[in-house]
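The residues making up each chain are set out below.
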Amino acid sequence: MDMDNPTATFNTLRPRLFGIAYRMLGVRADAEDIVQEAWLRWHHGGAVEARTPEAWLVTVTTRLAIDRLRSAMAERQLYFGPWLPEPLVDVAPPAEQALEDAGDLSTAFLMMLERLGPEERAVFLLHQVFEFDHAEVAAMVGKSEAACRKTLQRARERVRAGRPRFVVDREAHLALLGRFVEAARSGDPARVQALLAPDAAYIGDGGGKARTTVRTVTGAGRVARLVIGIERKWNDEGRHDFITVNGEPGLLTWRDGLPDSVCSIRVDGGRIGAIYVVRNPDKLGALRAASPILTA
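Draft legend 1. Examining the overall build of the protein more closely. Of the regular secondary structure elements, the protein holds 13 helices and six strands. The burial tally for the protein puts 50% of its 296 residues in the buried class. Across the protein, contacts joining residues at least 24 apart in sequence account for 65% of those joining residues at least 6 apart. As displayed, the protein offers around 14,400 Å² of accessible surface, 50% of which is attributable to carbon and sulfur atoms.

Pasting the structure below:
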């Protein structure tokens, strides 16, 4: 890093800072605000006082994200229906690399993190995803190394049950998603149910601004009937495009010329364990703003 050029140093680290903030908060705008605040602090003195630029900037970003997440968790208690992370759509390979491993960016992974409190989430991410050692993590969150080790142990126990049992490669994930679309369009609930895990869940996020399920629907039979019902209702009014959602294959559904929803799935044991559908227009704002480009 060029310490004679603080701006270049910051820009080199910006993708990592955004990756931390987004995984902490699950909201693009909030993550961007955190990174911007880190830049302001870096610009107004941080670049001079920092011994190690990365450690200084990651510390500032992490602590800002912890504070923001505390208030966000209270806000989400009042959220209408299930809350899902704002999707990052069409992550190009360079950006995907900058955001670290896509598997630790997926909707399923971010939902798993919802089991953790702000400090637990920070410690877990910094150590497990971004590979800082225990001493570095302790300094970044302002706790003793022993306390951080205990926090990490608790976090691991809380998220362990939420991890898929098998790692699925991209081609298999995409193939399963394609079969799911075909089954949904067939009008046959049995075809959809055959692709689902017995305890499959359908989670829809409309934020009270777009119609979707107001509670999580669970059970393969119920989810299959719901999916078929949704497809029958809309008939040919929309189209599904295969896209990349948080580093994994997903679907963008269009209606009336605008992005209507973003869907991603959790694959577990060769079947679909969860279906995540974001319809809240606030979380599709970036997509809708870009829709003339996307449809060109």
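Draft legend 2. Structural context of the pairing of strand β1 (residues 196-205). The buried count for β1 comes to eight of ten residues, which makes it a mostly enclosed element. Here β1 pairs with strand β6 (residues 271-278) via six bridges, running parallel. Across the sheet, the residue bridging to G204 is V277, located in β6. In this structure, β1 lies alongside strand β2 (residues 217-218), joined through two bridges in antiparallel fashion. By the bridge assignment for β2, Y202 is matched with V217.

Draft legend 3. Highlighting the environment of T12. As for its placement among the helices and strands, T12 is situated in helix α1 (residues 6-25). The exposed category is assigned to T12, whose relative accessible area is 54%. Along the sequence, T12 and E54 sit 42 residues apart, while their C-alpha atoms lie 9.7 Å from each other.

Draft legend 4. Structural detail: the sheet that holds strand β3 (residues 238-245). Spatially, β2-β1-β6-β5-β4-β3 is the arrangement adopted by the six strands of the open sheet, whose pairing is mixed. Pairing within the sheet leaves two strands with one partner each, and these edge strands are β2 and β3. Across the sheet, helix α9 (residues 170-186) is in contact with β3, β4 (248-255), β5 (258-268) and β6; its angle to β4 comes to roughly 30°. Contacts from helix α11 (residues 220-234) reach β1, β2, β3, β4 and β6, with the element oriented near 45° to β1.

Draft legend 5. The pairing of β3, seen in detail. As paired strands, β3 and β4 are joined by eight bridges and run antiparallel to one another. By the bridge assignment, G238 is partnered in β4 with R255.

Draft legend 6. Region of interest: the packing of helix α3 (residues 53-76) against helix α6 (residues 118-129). Following both chains from N to C, one finds α3 and α6 inclined at 145°, their axes separated by 9 Å at the closest point. Where α3 crosses over α6, the handedness of that crossing is right-handed. Residues V58, T62, I66, L69, R70 and M73 of α3 touch α6, and the partners they reach there are P118, E119, R121, A122 and L126. Split into classes, the residues belonging to the contact of α3 with α6 amount to seven nonpolar, one polar and three charged.

What counts, and at which threshold
Residues numbered from 1 in each chain as written. Predicted model: local features only at pLDDT ≥ 70, side-chain atom pairs only at ≥ 80, totals over all residues. Heavy atoms only, no water. Helix = DSSP H or I, 4+ residues; strand = E, 2+ residues; numbered from the N terminus. Buried < 20%, exposed > 50% of the residue type's maximum accessible area, 1.4 Å probe, protein only. Contact = heavy atoms within 4.5 Å. Areas by Shrake-Rupley, 256 points an atom, 1.4 Å probe, with all protein chains shown as cover. Pairing = 2+ DSSP bridges. Axes fitted to C-alpha atoms, helices over the stretch in contact; angles between N-to-C directions. Left-handed = near helix turned anticlockwise from the far one by under 90°. Nonpolar A, V, L, I, M, F, W, Y, C, P; charged D, E, K, R; others polar.

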